[in-house]
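# Summary of structural features
For reference, the chains in residue letters:
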Amino acid sequence: MTGSVKEAHPTAGRLAALLIDSSTEAISAAGGHAGGVYLRSRTPGLLRLAVLSGLPGPLFRPWWRMHVDRPFPVADAYRLGVQVILPNATETMRRYPQFAAGLPFHFGSLYVPVVNGSTTYGVLTVLRPAVADAAEVLSGRDRVVRLAQELGAALRVLEEQDADQVAWDGEPMYLRPPTASTSVGRVGRFAWDPSTAAITLDEDLHTLLGVPPSEFPGTAEAFADAVAPSDAHRILGTLRDTAAGRPPALPLYLRDTDGELRLLDLWNAYEPPAAPEVRGVVVAPGPAPTADSAADLLPDGVFCLDRLGLVVYANPRAAELLGHPRAELVGRDLWEAVPWLGRPDFEDHLRAALLAPDPVHFHLERPPTPEPEPNPPAQNTGPVAGDGQGQPATAGSDSEQPASVRDHDQPASAPGSEPPPEPSPQPSEPAPQPYEGDWLALSVYPGPDRLTCTVRPASGVADSPAARGDGEPAEVGGSPLAPLYRPIALAIALNEAVTVRQVSAVVMRELLPAFGGRRLAIYLLQDRHLYLEWETGFPKGFLSPFDGVGLETRLPGVETLTSGRPLFFDSMEQLTAAYPGIALDAAEGARAFLPLIASGRSVGSCILGFDRPRSFSTEERTVLTALAGLIAHAMEKAQRYESETALARGLQQVLLPRRLSAHPQLETTGRYLPGTAGMDVGGDWYDVVESGDGLALVIGDVQGHGVQAAATMGQLRSAVRAFALGDRSPDEVMSSTNHLLIDLDPGLFASCCYIRLDPATGLARAARAGHPPPLLRQADGRTRVLDLPGGVVLGVDPRARYPVTEFQVDPGAVLALYTDGLVERPGHDIDEGITALRVALAKAGAPARPGQRFLAGVADRLTATARHATDRPDDIALLLATRRGTSAAGAH
């Protein structure tokens, strides 16, 4: 068993076993040291990390979820159905700069989609040592591809048994990777059947425990007494929890009667439909205590972590320097045992050691022992202070709502947050005092199965901050400057944001974690007033009085903009001294007010808030000021985008028909959805035109986007209307429009479908110019794609011919015309989209009684998915028509 499920999961069982086995085998096959499986979730367009092997889960929380449209390798592998091989950091930075900015370490990675038929379930990932060329990864890649194919086939079988089972909406399972070295300790295995209460041991475990089979009664109580008598109750409780589907996340660290270390790991053996057995191993580490005894005598602190962040050893000196007795360190997660290590700079260094092979050396300031105190009340100062309670940080997420991002992406111990008070030291082993508040020098040496860390006082180290004499006061209760790759990540992410809301979300996601901030407010300038655009963490309604303040108001959020100077306040006392009577929302904290100025033009102001007093170093002030300039430029670009988009959308709405021509025996309805990608308007259109004694149904799509495409669309729509009003046949309308477009020579082509329908008889005559075929749903629900022979797109060949096809539209039948934006998806064949639309139309229903108007509801159902999508790469047009019976027509 390579690991345990952290908690009972609704999809545990066969699904969990498949994912665990595939991840473990993939890491071994590709020579990796970590990996996992991303699986689709029940939220459209969102992947979730289901299995994480070889890395601490909380440390990689920002990568737990991934939107499929993000510029990350996992998203590309899933969305495009392609394998992504990144042999080294250079190639990663070249192809995925935002991903590389978040994990700027020297490692390689491999991403293989898990596919069966036309269904993509997820992505199998492996992190491995970096190599110079992708060719060195190919042999391992082939084996991982086979594992992904086998996993896809197995998931298909599960899906056929329960369609809702193959999805993941919870936290990932944390696993230990396959052990790279051979253990010199002894291992024994056992199995416990909860239904009979019988426990069986293998021969090795009988030998390890010193209990012959003839003397072992086969009960759980006897087993617990043999393993660790002093912890028998703990063992029995864990057995019961595992039988209930709650195995321990980590092995139990126990001591036998002689004080020797023993490890106990438990898991469920899923064999449906029978009740799950409990299986486990007992490990006696062997000669390791000898090495531990030697390390106990070293003058420097030494502690070891496994690849999930569990402290497996600490010598007395390490316990002394970290401020916790050894009994509180060993067997616990590092962040749980030493809460003040949950800070961005330490976590970044630890990620580097876990992902790259080189040792990592750095310094940390150990905070003074905090006094127990209640949490301070929330604090707010309107444009004078920002105050964010969450710290979202997700690379695959682009949510624009602070709460939703924070719910999913804030680490359990948020970087930069105020650490909780450390537990009081035991009277028998008091926590040492000499080095409290001093700088510590840490080194982390990566190994295949564990990290070895050394720690010593840095007061005598030449390159320590204290020895350098930086002259900057140490901050109190805050986080030091995070690694400078955070500004790089902010710059890359800002470059991709196109709306004001997206820019604000990026600032919240990237800037707050980098500096340990907990609060954020962004104000934008309009007509010499500052209006609140974004807030995170403020009490509801607190900022309302400050929304729309004039530039003459004496507030720091205003004066930072009017003066062009950033303002920093190390404490709330400093803030109230500078601005007497200012409204505050807490008694303590720190604030930074940054002017948003782009190329000399005032844009607004940005306020960062911190929970505790802190100082801002010269380097921090410089970086924050520079980042404010980046934010200002991004905001100005976003405002320009939104203004131009509103103008373009208005132009397009003018060009689309305000109403459709009506007929007593025909009901029609249309829908148009603009694309969300880019700021250009599209060229899709639809129309219904009187043509002789019938009606012409028209839909078309001009190539490209932009004002030129919209203008060309308007010209074509007017031309088709004129030709239709002249009662020309469909082929004449197409040929005439084709010649007109060639004469106009806009450098664009267009597709079009033209159907002349006689509402009285139901006879339809159609011509098609490179456009997707229409659909026809009969009154009984049978739906088919109309196979209409067509000509080339308009505007290409002056000699093109457009054959006419006749078909019948019966009363109650629904005719559907659409553009390719409704049926095309990147990485998928358009025929799959047309098939999906045909199925949706068949399920859309028919009028419950004669004469009922129902097409509007059908149109809404057919466009519902596209309407709620956050990313529509193309415009969408839909036109529906249905014939009414004679009695219904008379009623209308």
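Quick caveat: nothing in here was measured; it's all calculated off a predicted structure.

A separate point is the overall build of the chain. Along the backbone of the chain there are 26 helices and 33 strands. Relative to its full complement of 892 residues, the chain shows a buried share of 55%. Look at the contacts in the chain between residues 6 or more apart in sequence, and 66% of them connect residues 24 or more apart. About 36,700 Å² of surface is accessible on the chain, with carbon and sulfur atoms providing 53% of the total.

Okay, the confidence of the model for the chain next. Per-residue confidence for the chain gives a mean pLDDT of 78; residues scoring 70 or more make up 79%. Within the chain, the element-level pLDDT minimum falls on helix α14 (residues 402-409), averaging 33, and the maximum on strand β32 (residues 814-818), averaging 95. Long-range and interchain partners of residues 370-437, a stretch whose pLDDT sits below 50, account for 209 contacts in this model, where long-range means more than four residues apart. Considering only residues more than four positions removed or in separate chains, one finds that residues 460-484, a stretch of pLDDT under 50, has 48 contacts.

This part is about the pairing of strand β23 (residues 601-610). When you tally the buried positions in β23, you get eight out of ten residues, the bulk of the element. The pairing of strand β18 (residues 519-526) with β23 spans six bridges and is antiparallel. Residue pairing across strands places Tyr-523 opposite Ser-605, the latter belonging to β23. Two elements, strand β22 (residues 590-598) and β23, share nine bridges in a ladder whose sense is antiparallel. Each bridged residue has a counterpart across the sheet, and for Pro-595 the counterpart in β23 is Ser-605. Here β22 folds back onto β23 in antiparallel fashion, the turn holding two residues, of which Ser-599 has a positive phi close to 50 degrees.

Glancing now at helix α24 (residues 855-862). Those residues of α24 not exposed but buried are Leu-855, Val-858, Ala-859 and Leu-862. All buried residues of α24 lie within an arc of 100 degrees about the axis, which places them on one face of the element. Where α24 is buried, its residues touch β24 (666-673), β32, α23 (830-843), α25 (864-868) and β33 (876-883).

Let us now look at the side chain of Arg-768. Mapped onto the fold, Arg-768 is located in strand β28 (residues 763-769). There is a polar contact of 2.4 Å between the side chain of Arg-768 and the backbone oxygen of His-771. Those residues within four positions of Arg-768 in sequence are excluded, and the remaining contacts are Cys-752, Pro-773, Leu-788, Gly-790, Gly-791 and Tyr-802.

Looking now at the packing of aromatic side chains. A full pass over the atoms with the stated rule returns nine aromatic pairs. Measuring from centroid to centroid gives 5.8 Å for Phe-569 and Phe-593, while their planes differ by 80 degrees, and the two rings are edge-to-face. Placement of the pair is Phe-569 in strand β21 (residues 567-569) and Phe-593 in strand β22, with a sequence separation of 24 residues. Note on accessibility: Phe-569 and Phe-593 belong to one class, buried.

Attention now moves to the packing of helix α1 (residues 14-29) against helix α5 (residues 138-161). The contact between α1 and α5 brings their axes to 9 Å, and the two run at 175 degrees. When the interaxial angle is binned, α1 and α5 end up roughly antiparallel. Along the contact surface, α1 presents Arg-14, Leu-15, Leu-18, Leu-19, Ser-22, Glu-25, Ala-26 and Ala-29, while α5 presents Gly-140, Arg-143, Val-144, Leu-147, Leu-151, Ala-154, Leu-155 and Leu-158. Looking at the contact of α1 with α5 residue by residue, the classes come out as eleven nonpolar, two polar and three charged.

Another aspect to go through is the sheet that holds strand β13 (residues 301-306). Read across the open sheet, the five strands follow the order β14-β13-β17-β16-β15; overall the sheet is antiparallel. Whereas interior strands pair on both sides, the edge strands pair on one side only; in this sheet they are β14 (311-314) and β15 (360-365). The average undirected angle you get between the axes of adjacent strands in this sheet is 20 degrees. Pairing analysis gives seven bridges linking strand β16 (residues 439-446) to strand β17 (residues 450-457), with the strands arranged antiparallel. Of the residues in β17, the one forming a bridge with Leu-440 is Pro-457. Strand contacts of helix α13 (residues 344-355): β13, β15, β16 and β17, with the helix running at about 165 degrees to β15, the strand carrying the most contacts.

Ordered by their spatial adjacency, five strands build an open sheet running β24-β33-β32-β29-β30, and the pairing between neighbours is antiparallel. For this open sheet the edge positions go to β24 and β30 (783-785), each flanked by a neighbour on one side alone. Averaged over all pairs of adjacent strands, the angle between their axes in this sheet comes to 15 degrees, without regard to strand direction. Each of β24, β32 and β33 is contacted by α24, which is oriented at about 30 degrees to β24, the strand it contacts most.

It is worth spelling out a nonpolar patch on the surface at this point. A contiguous nonpolar surface patch, about 250 Å² in accessible area, is contributed by Phe-749, Val-792 and Val-796. When you line up the elements, Val-796 lands in the loop between β30 and β31 (805-808). Residue classification places Val-796 among the exposed positions, given a relative accessible area of 53%.

Quick look at the environment of His-233 now. Within the element layout of this structure, His-233 appears in helix α8 (residues 232-243). Owing to a relative accessible area of 60%, His-233 belongs among the exposed residues under this scheme. The spatial distance from the C-alpha of His-233 to the C-alpha of Glu-221 is 8.7 Å, given a sequence separation of twelve residues.

This part covers the pattern of salt bridges. On inspection of all chains with the given rule, the structure shows 25 salt bridges. Measuring nitrogen to oxygen at the nearest pair gives 2.7 Å for the salt bridge that ties Arg-79 to Asp-76. Of the two residues, Arg-79 and Asp-76 are both situated in helix α2 (residues 73-80); the distance of three residues between them amounts to about one turn of the helix. Of the charged contacts, one joins Glu-347 and Arg-351 as a salt bridge, the two residues approaching to 3.9 Å between their closest N and O atoms. Linking Glu-347 with Arg-351, this pair stays in helix α13, spanning four residues, or about one helical turn. A relative accessible area of 5% places Glu-347 in the buried class. Overall, Arg-351 belongs to the buried group, its relative accessible area being 5%. Through salt bridges with shared partners, a single network forms among Arg-40, Arg-156 and Glu-159.

Criteria and thresholds
Residues numbered from 1 in each chain as written. Predicted model: local features only at pLDDT ≥ 70, side-chain atom pairs only at ≥ 80, totals over all residues. Heavy atoms only, no water. Helix = DSSP H or I, 4+ residues; strand = E, 2+ residues; numbered from the N terminus. Buried < 20%, exposed > 50% of the residue type's maximum accessible area, 1.4 Å probe, protein only. Contact = heavy atoms within 4.5 Å. Areas by Shrake-Rupley, 256 points an atom, 1.4 Å probe, with all protein chains shown as cover. pLDDT = per-residue confidence, 0-100. Pairing = 2+ DSSP bridges. Arc of directions from axis to C-beta. Polar contact = N/O pair within 3.5 Å; in protein donor to acceptor, adjacent residues only side chain to side chain. Phe/Tyr/Trp six-rings, centres within 6.5 Å; stacked < 30°, edge-to-face > 60°. Axes fitted to C-alpha atoms, helices over the stretch in contact; angles between N-to-C directions. Parallel < 35°, antiparallel > 145°, perpendicular 65-115°, else oblique. Nonpolar A, V, L, I, M, F, W, Y, C, P; charged D, E, K, R; others polar. Patch = residues over 30% accessible without salt bridge, like charges linked within 9 Å, V, L, I, M, F, W, Y side chains within 5 Å. Salt bridge = Lys/Arg side-chain N within 4 Å of Asp/Glu carboxyl O.

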